[in-house]
Amino acid sequence: MEPIKVLTANVDKPNSKSIEVYLEGGGYEAARKALQMKPEEIVQLVKDSELRGRGGAGFPTGNKWGFVPKNAPKPTYLLCNADEAEPGTFKDRVIIEKDPHLLLEGMIIAAYAIASNPMAYIYIRGEFHYGSTVLNKAIEEAQAKGFLGKNIFGSGFDFDITVHRGAGAYICGEETGLIESVEGHRGQPRVKPPFPAVVGVFGGPTVVQNVETLSCVPFIISKGPDWFKSFGTPKNTGPKLYCVSGRVKKPGVYEFPMGVNLKELIYDHCGGIVGDRKLKAVIPGGASAPMLKPDEIDLPLNFDAVMKAGSMLGSAGVIVLDETVCIVDAVWRLSKFFAHESCGQCTPCREGTNWMESILDRLERGEGRQQDADLLLDMADNIGGKSLCALGDAAIGPVISSVKKFRDEYLYHVTNKSCMPGTTRYRRLDMPVAAH
Amino acid sequence: MADLHPDNPYAKDRFADPSKKVEFSPEAKKKFDWILTRYPTKEAALLPALHLAQEQWGWISPETVHYVSELLDLSPATVFGVVSFYNMYNQKPVGKYHLQVCTNLSCMVTRAYDIYEHLCEKLDLKPGETTPDGRFTVGEVECLGSCNTAPVVQVNNDYHENMSVEKIEQLLTNLK
Ligand SMILES: Cc1cc2nc3c(=O)[nH]c(=O)nc-3n(C[C@H](O)[C@H](O)[C@H](O)COP(=O)(O)O)c2cc1C
Ligand code: SF4
Ligand code: FES
């Protein structure tokens, strides 16, 4: 499969972030066209395109828009999820920094389709300071042209966007955590139902949508759902950004029709493994996605195929681990992440993630016990499905998959009190560890 | 999320010192007033207001917590609850250069811990500590969303990408 340039069509142009460059490429024509249509027509086009959310869950976008009640007592909101904090994910950043107007145009169309109130928010992770300045500049440019503000394109639709910076909390990428954070609270997820489409931010119906998802929308309007569906396979359609990092020769963001073959992506497009070593494991969809072994990677990277293989496409953050990586060390690091980022609301997640981290740490220190591998599975069983939001389920993905697929490596740590020969632990055990 | 560090000023029953009045600079005040116009509730301006405060003072002191709580009609406890939830709000002063090494998986397997350990040893710091001359604070951070250019070190607002021990050495001498 050959790479494509749809979402990334502009990013290599000089000064691609400016509105002039965007307009030269036909920018904002889709929004102009959309605002002459009926909102229901737009929702139908997005349904027909079979676009699914690019933030992790793969929920059909048009259906989500269709859930928004028509006569809610409170105003409707559109929130763009630019939190991009799933380890291994760095695709939204490309759009934010290199083609911000594509996102703004997608937001205008989405807002119009869901009859949004005149203000939407882009929730960007606080660390993307540069990205937030690019977005603010782009918003000013769009306001100056009349693409944001009152009576856009003479349609009578008023709409503006505010960039809301997060402050370093992965959980604010979860849609109800994000909503809490926009409201000025600790980012602790809410119980669902009610779903955000019914009661979300400031009490109004709310649509939360990932940056890449919104950036697909202008193409669906300008080129039509059939063109969009010409990429990929039924139910897994459209152009898709893949992030590849870890031990590959050419890490980066790659755009393909949805469903590029994972093996091909790693070996043909990313140049294979550093030092031409052997592959050990691949995490296909960000830290939350269960690991795949080398004999499991000959599969199309789309929502359904990766799910069938026992993992998930998630944020399409492909992390490649070679034979020199100690699996226990890698999983320890991911567990440390989840323990740090658990919002602390539910006991299984708050306590369980910390315990998993501690057990993995003691295995690395040569203090592991014979039953630790099973203990980890048992703990995972007590977190999965027993926590309020999907972070709990995410945290157990790497643990369960690695214990099942690399049990010998876990047992080696117990028996020999060290990592397997030929594998590396990257940190020193005598260094101070920050509290979380 | 973040635990109270033992030498966190809030952990020692420290209350805001009324003799230490804090106030936004005129530009910050202008920005703050604009922020208020962008949200349907006052409370929603809390995160942006804390960012403004940290830009001005470098950290969120107990005095700042009180000041912001008055501006937004919130209780100091509510404001402190938010400050302590989010990693980026510094609960104690940090150095002129806040060096935060991403050690999450993609950075780890490209040897980020070498950089982190080098910084801790060279500057003789534990995570969160600041050099006596007030120049450097060292810490570990979670994935910065830049794994294609791993390892990544965040220095204040900027990312330094494709880092190595040699490059961080060079950077330290450049950051005066
Ligand atoms: C713990 C957690 C973290 C998440 N982080 C992000 C994120 O950083 N960016 C994102 O777009 N979605 C993230 N999501 C998914 C969102 O909850 C939500 O499904 C998504 O923003 C919906 O938009 P989409 O349908 O366009 O994908 C996260 C979910 C969970 C459970
Ligand atoms: S599962 Fe974890 S992150 Fe999610 S609400 Fe519960 S404690 Fe918070
Ligand atoms: S793991 Fe370091 S930037 Fe993602």
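Here is what the cut-offs are and how they apply
Residues numbered from 1 in each chain as written. Chains lettered and ligands numbered in written order. Predicted model: local features only at pLDDT ≥ 70, side-chain atom pairs only at ≥ 80, totals over all residues. Heavy atoms only, no water. Helix = DSSP H or I, 4+ residues; strand = E, 2+ residues; numbered from the N terminus. Contact = heavy atoms within 4.5 Å. Buried area = accessible area lost by both parts, 1.4 Å probe. Salt bridge = Lys/Arg side-chain N within 4 Å of Asp/Glu carboxyl O. Polar contact = N/O pair within 3.5 Å; in protein donor to acceptor, adjacent residues only side chain to side chain. Nonpolar A, V, L, I, M, F, W, Y, C, P; charged D, E, K, R; others polar. Domains from an automatic or database assignment. Buried < 20%, exposed > 50% of the residue type's maximum accessible area, 1.4 Å probe, protein only. Arc of directions from axis to C-beta. Pairing = 2+ DSSP bridges. Axes fitted to C-alpha atoms, helices over the stretch in contact; angles between N-to-C directions. Near = heavy atom within 4 Å. Areas by Shrake-Rupley, 256 points an atom, 1.4 Å probe, with all protein chains shown as cover. Core = buried A, V, L, I, M, F, W, Y, C linked by side-chain atoms within 4.5 Å.

**Q** Outline unusual backbone geometry, supporting the account with residue identities and numerical values.
**A** Residue and element names in this part refer to chain A. Between Lys192 and the following residue, Pro193, the backbone shows a cis peptide bond with an omega angle of -10°. Relative to the helices and strands, Pro193 is located in the loop between α8 (175-182) and β5 (206-210). Note that the residue after Pro193, namely Pro194, is joined by a cis bond; omega there is 0°. Structurally, the position occupied by Pro194 is in the loop between α8 and β5. We note that Ala316 has phi near 60°; this positive angle belongs to a residue other than glycine. Mapping Ala316 onto the fold places it in the loop between α12 (303-308) and β11 (317-322).

**Q** How would you explain the interface of chain B and chain A if you had to name every residue and give the values?
**A** By a widely used convention, the size of an interface equals the accessible area lost when the partners come together. Taken together, the contact pairs 51 residues of chain B with 66 residues of chain A. Summing both sides of the interface, chain B and chain A together bury roughly 4800 Å²; the carbon and sulfur share of this comes to 56%. Linking chain B with chain A are five salt bridges, by the criterion used here. The shortest N-O distance in the salt bridge between Arg93 of chain A and Glu161 of chain B comes to 3.1 Å. Linking chain B with chain A are 26 residue pairs in polar contact (both at pLDDT 80 or more). Considering only residue class, the side of chain B that touches chain A consists of 25 nonpolar, 14 polar and twelve charged.

**Q** Account for the domain arrangement of chain B, with residues named and values stated.
**A** With domains assigned, chain B is organised as domain 1 (12-85) and domain 2 (97-175). Taking only C-alpha atoms, the centre of domain 1 of chain B and the centre of domain 2 of chain B are 29 Å apart.

**Q** Break down helix α3 (residues 39-49) of chain A for me, with residues and values.
**A** Residue and element names in this part refer to chain A. Taken together, the buried positions of α3 are Ile42, Val43, Val46 and Ser49. Take α3 and look down its axis: the buried residues cluster within an arc of 125°, on one side only. Of the surrounding secondary structure, the elements contacted by the buried residues of α3 are α2 (29-34), α4 (61-66), α6 (100-113), α9 (211-223), α10 (225-229) and β7 (236-237). Glu50 sits one or two positions beyond α3 and adopts a positive phi of about 60°.

**Q** Give a detailed account of the sheet that holds strand β4 (residues 158-160) of chain B, specifying residues and quantitative values.
**A** Residue and element names in this part refer to chain B. Ordered in space as β2-β1-β3-β4, the four strands form an open sheet in which the pairing is mixed. Two strands lie at the open edges of the sheet, namely β2 (136-141) and β4, each paired on one side alone. Strand-to-strand twist in this sheet, taken as the mean axis angle between neighbours without regard to direction, amounts to 25°. With three bridges connecting them, strand β3 (residues 153-155) and β4 associate as antiparallel partners. Its bridge partner lying in β4, Val155 is registered against Asp158. Set on the sheet, helix α6 (residues 112-123) makes contact with β1 (97-102), β2 and β3; between it and β2 the angle comes to about 155°.

**Q** Mind laying out the pairing of strand β8 (residues 239-246) of chain A, listing which residues take part and the relevant values?
**A** Residues and elements named next belong to chain A. Taken across its eight residues, β8 has eight buried, putting it largely inside the fold. Neither face of β8 is left uncovered, since the one carrying Pro239, Leu241, Cys243 and Ser245 and the one carrying Lys240, Tyr242, Val244 and Gly246 both have all their residues buried. For β8 and strand β9 (residues 252-257), the ladder comprises six bridges, and the chain directions are antiparallel. Along β9, the bridge assignment pairs Cys243 with Val253. What sits between the antiparallel neighbours β8 and β9 is a turn of five residues.

**Q** Break down the pattern of salt bridges for me, with residues and values.
**A** Two side chains bearing opposite charge may form a pair once their charged atoms approach each other closely. Residue and element names in this part refer to chain A. Summed over all chains, the structure comprises 37 salt bridges over all chains. The shortest N-O distance in the salt bridge between Glu296 and Lys405 comes to 3.0 Å. Here Lys405 lies in helix α16 (residues 390-405) and Glu296 lies in the loop between β10 (279-283) and α12, a separation of 109 residues in the sequence. Looking at Glu296, the relative accessible area reads 27%, which means it is partly exposed. Under the relative-accessibility criterion, Lys405 is labelled partly exposed at 21%. Here the salt bridges share partners, and the residues they tie into one network are Arg54, Lys91, Asp92, Glu212 and Lys240.

**Q** Quick one: what's the story with the site of ligand 1, residue by residue and with numbers?
**A** Residues and elements named next belong to chain A. Close to ligand 1 lie 18 residues, the nearest being Gly55, Asn81, Gln209, Asn210 and Thr213. Residue Asn81 places a side-chain N or O atom 2.9 Å away from an oxygen atom belonging to ligand 1. Between a nitrogen atom of ligand 1 and a main-chain N or O atom of Gly173, the distance comes to 3.2 Å. Relative to its free-state accessible area of 610 Å², ligand 1 is covered by the protein chains to the extent of 90%. Of all the secondary structure elements, the ones that give two or more residues to the shell around ligand 1 are β5 and α16.

**Q** So what about the sheet that holds β10 of chain A? Which residues, and what values?
**A** Residue and element names in this part refer to chain A. Taken together, four strands build an open sheet; the order of strands is β9-β8-β11-β10 and the sheet is mixed. Among the strands making up the open sheet, the edge pair consists of β9 and β10. In this sheet, adjacent strand axes meet at a mean angle of 25° when their direction is disregarded. Sitting on the sheet, helix α11 (residues 262-269) touches β8, β9, β10 and β11, and the angle it makes with β9 is about 130°.

**Q** Break down the nonpolar core for me, citing the residues and quoting the values.
**A** A general tendency of soluble globular proteins is for nonpolar side chains to be buried together. Counting residues in hydrophobic clusters, the biggest one holds 175 residues, and the most contacted among them are Ile42, Trp65 and Tyr410 of chain A together with Tyr86 and Leu99 of chain B. Broken down by element, this core gets its largest block of residues, ten residues, from α6 of chain A. Dropping the residues within four chain positions of it, Leu99 of chain B is found in contact with Leu119, Leu123, Phe136, Thr137, Val138, Gly139, Gln154, Val155, Leu172 and Leu175 of chain B. Judged by nonpolar contacts, the second largest core, of 24 residues, contains Val244, Tyr254, Leu299 and Val306 of chain A.

**Q** Please provide a residue-by-residue account of the domain arrangement of chain A, values included.
**A** Residue and element names in this part refer to chain A. On domain assignment, one finds that chain A holds domain 1 (19-230), domain 2 (236-322) and domain 3 (327-416). The interface of domain 1 with domain 2 comprises 22 residues on the first partner and 23 residues on the second. Summing both sides of the interface, domain 1 and domain 2 together bury roughly 1600 Å²; the carbon and sulfur share of this comes to 59%. Sorting the residues of domain 1 by area buried against domain 2 places Arg52, Arg54 and Phe90 first, and these three jointly supply 32% of that buried surface. In this assembly, domain 1 and domain 2 are joined by two salt bridges. The closest approach of N and O atoms between Arg52 and Asp304, which form a salt bridge, is 3.4 Å. Counting across the interface, domain 1 meets domain 2 through 14 residue pairs in polar contact (both at pLDDT 80 or more). Of all the secondary structure elements, the ones that give two or more residues to the side of domain 1 that touches domain 2 are α5 (92-98), α9 and α10. Its residues assigned to classes, the side of domain 1 that touches domain 2 comprises eight nonpolar, seven polar and seven charged.

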